[in-house]
Amino acid sequence: MTTATTREPGVCPVGHDQKSGEPTDRYDPAYEWVERGDKQVLALHSFALGRAFLRVGSGTSQAGFSAEYVGGLVRKPLLYQEGADHRAQRKAIARFFTPRTVSERYRDMITRMSTQLITWSATQPVVALDRLSLRVAMRVVADVIGLTESKIDEMELRLDRFFEAKPSAEGPKIAYAVAQAQTLVQFGSFFLHDVRPVLRARRREPQDDLVSHLLAQGYSSTEVLSEAVMYAAAGMVTTRQFICMAAWHFLERPDLRAAFLAADSPERHRILAEIIRLEPVGTMLLRTAEEEIVVEHDGERIAIPAGTVVEVPIRATNADPRVFGEDSLDLRLDRSCPAGVPRSGLAFGDGHHSCPGEYLALHESEIFLVELLSRDVTLVQEPRIEFNEVARAYHLADFLITVR
């Protein structure tokens, strides 16, 4: 399902702050046709082109995140929906992610859990930050989805194994087949232990959560399961990794850490947005043009034929020097973005498939990191970086720290 690749921990090109991969070539052409196997794919490297394409309101469909496996579902998960179905579902779930909901429903819970985890960490000789961030992210996602009928620590381990990097189809066939079988077993285990108990409970007594909402719309058990996995991936995997990446930068730069702790909440969010611009967890968005689409760049009209797979490489668009400056690979608190350009670039996507949980992700990251960085924290071991081919995202593992 996924491929693990590693590089030397902490290796970062001199003069650049980016840690999540090889230095982005900021001077790629604005767009180019590239070979991907037996297909010609259009890669949009510029921020303006990438955003213009993502903002096309119709005529495209999801091409990433194993989209080929969801065709048989009557109701596809939100990530794969288009048109009226997608608009209706986005409108219906928006209430779970508003600033007011985050403040009233999640803030105290995230604060309590962060305090408990950091306090416990201070009693241990060494702790893995990637495990701590997983616990926080998992607890928030479980609350949004409604996965409250099983033990959180056991569900955390099940999902962590499900999303871990696995051999790809391009590797040895036996290893790939074994990995696929393991994925099916893990998928079934998640359903039996975590989703099925919730389905039974919510059918008896609905709550204000995603599972209850989906059941009220007539979703089948399989469809609820698919939606739960999607939200777990979007909310747990990405937020967990971003917390670790942000902490890595803070622990290596005392000036950045001090500025973050001294700032108010809006300014902290701006600092976090600059970090995720430089280090987007999801590195690639893929969509298929279902009809001919025309986008414009510097007065040039670019016709994208129907059937074309289009890549928007987020690390490249977010380092576009025409938008973010010649120092776009540096992490700067005083970066000035053009009007209408978010400080996070395209890290949370754009258009009708932009991430609905952006505010919640930044909020839980802020709370946990303030609690952590307010303590005496020492970096014991820099994390190992892996890459998840399905999610097109980096994965930080074995990130060891001490907390006092």
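Residues numbered from 1 in each chain as written. Predicted model: local features only at pLDDT ≥ 70, side-chain atom pairs only at ≥ 80, totals over all residues. Heavy atoms only, no water.

A closer look at helix 8 (residues 221-252)
For an α-helix the count is 3.6 residues per turn, leaving residues at separations of three or four pointing the same way.
So, step 1. Between its first and last C-alpha atoms helix 8 spans 46 Å; for 32 residues at 1.5 Å apiece the expected length is 46 Å, and the two agree.
So, step 2. Ala 232 marks the point of greatest bend in helix 8, at about 25°. (Helix = DSSP H or I, 4+ residues; strand = E, 2+ residues; numbered from the N terminus. Expected span 1.5 Å × (residues − 1). Bend = angle between axes of the 7 residues up to and from the residue.)

Structural notes on the pattern of salt bridges
So, step 1. Scanning the entire structure with this criterion turns up 29 salt bridges.
So, step 2. A salt bridge links Asp 334 to Arg 332; its shortest N-O distance comes to 2.8 Å.
So, step 3. On the accessibility criterion, Asp 334 (53% relative accessible area) is exposed.
So, step 4. Put simply, Asp 130, Arg 131, Arg 135, Glu 156, Asp 160 and Arg 240 are held in one network by salt bridges that share partners. (Salt bridge = Lys/Arg side-chain N within 4 Å of Asp/Glu carboxyl O. Buried < 20%, exposed > 50% of the residue type's maximum accessible area, 1.4 Å probe, protein only.)

Some details on the packing of helix 9 (residues 254-262) against helix 13 (residues 358-373)
So, step 1. Where helix 9 meets helix 13, the axes come as close as 10 Å, and the angle between the chain directions of the two elements is 115°. Between helix 9 and helix 13 lies a crossing of left-handed hand. Of the residues in helix 13, those touching helix 9 at Arg 257, Phe 260 and Leu 261 are Glu 366, Leu 369, Val 370 and Leu 373.
So, step 2. In the contact of helix 9 with helix 13, the residues fall into five nonpolar, no polar and two charged. (Axes fitted to C-alpha atoms, helices over the stretch in contact; angles between N-to-C directions. Left-handed = near helix turned anticlockwise from the far one by under 90°. Contact = heavy atoms within 4.5 Å. Nonpolar A, V, L, I, M, F, W, Y, C, P; charged D, E, K, R; others polar.)

What to know about unusual backbone geometry
So, step 1. A positive phi angle, near 55°, is found at Asp 398, a position not held by glycine.
So, step 2. Checked against the element boundaries, Asp 398 lands in the loop between strand 11 (393-397) and strand 12 (400-403).
So, step 3. Classification of Asp 398 as partly exposed rests on a relative accessible area of 35%.

Regarding the sheet that holds strand 9 (residues 377-381)
So, step 1. The strand order across the open sheet built from three strands is 4-12-9, with neighbouring strands paired in antiparallel fashion. On the outer flanks of this sheet lie strand 4 (127-128) and strand 9, each paired with one strand and no other.
So, step 2. Pairing geometry for strand 9 and strand 12, over four bridges, is antiparallel. Across the sheet, Gln 381 pairs through a bridge with Leu 400, a residue of strand 12. (Pairing = 2+ DSSP bridges.)

Some points on the packing of aromatic side chains
So, step 1. Applying the stated rule across the entire model yields four aromatic pairs.
So, step 2. Positioned over the ring face of Trp 248 is Lys 19, at 4.5 Å from the centre of the ring.
So, step 3. The ring of Phe 260 is capped by Arg 268, whose NZ or CZ atom sits 5.9 Å from the centre of that ring. (Phe/Tyr/Trp six-rings, centres within 6.5 Å; stacked < 30°, edge-to-face > 60°. Lys NZ or Arg CZ within 6 Å of the ring centre and 35° of its normal.)

Notes on the pairing of strand 12
So, step 1. For strand 4 and strand 12, the ladder comprises two bridges, and the chain directions are antiparallel. Each bridged residue has a counterpart across the sheet, and for Ala 128 the counterpart in strand 12 is Leu 400.

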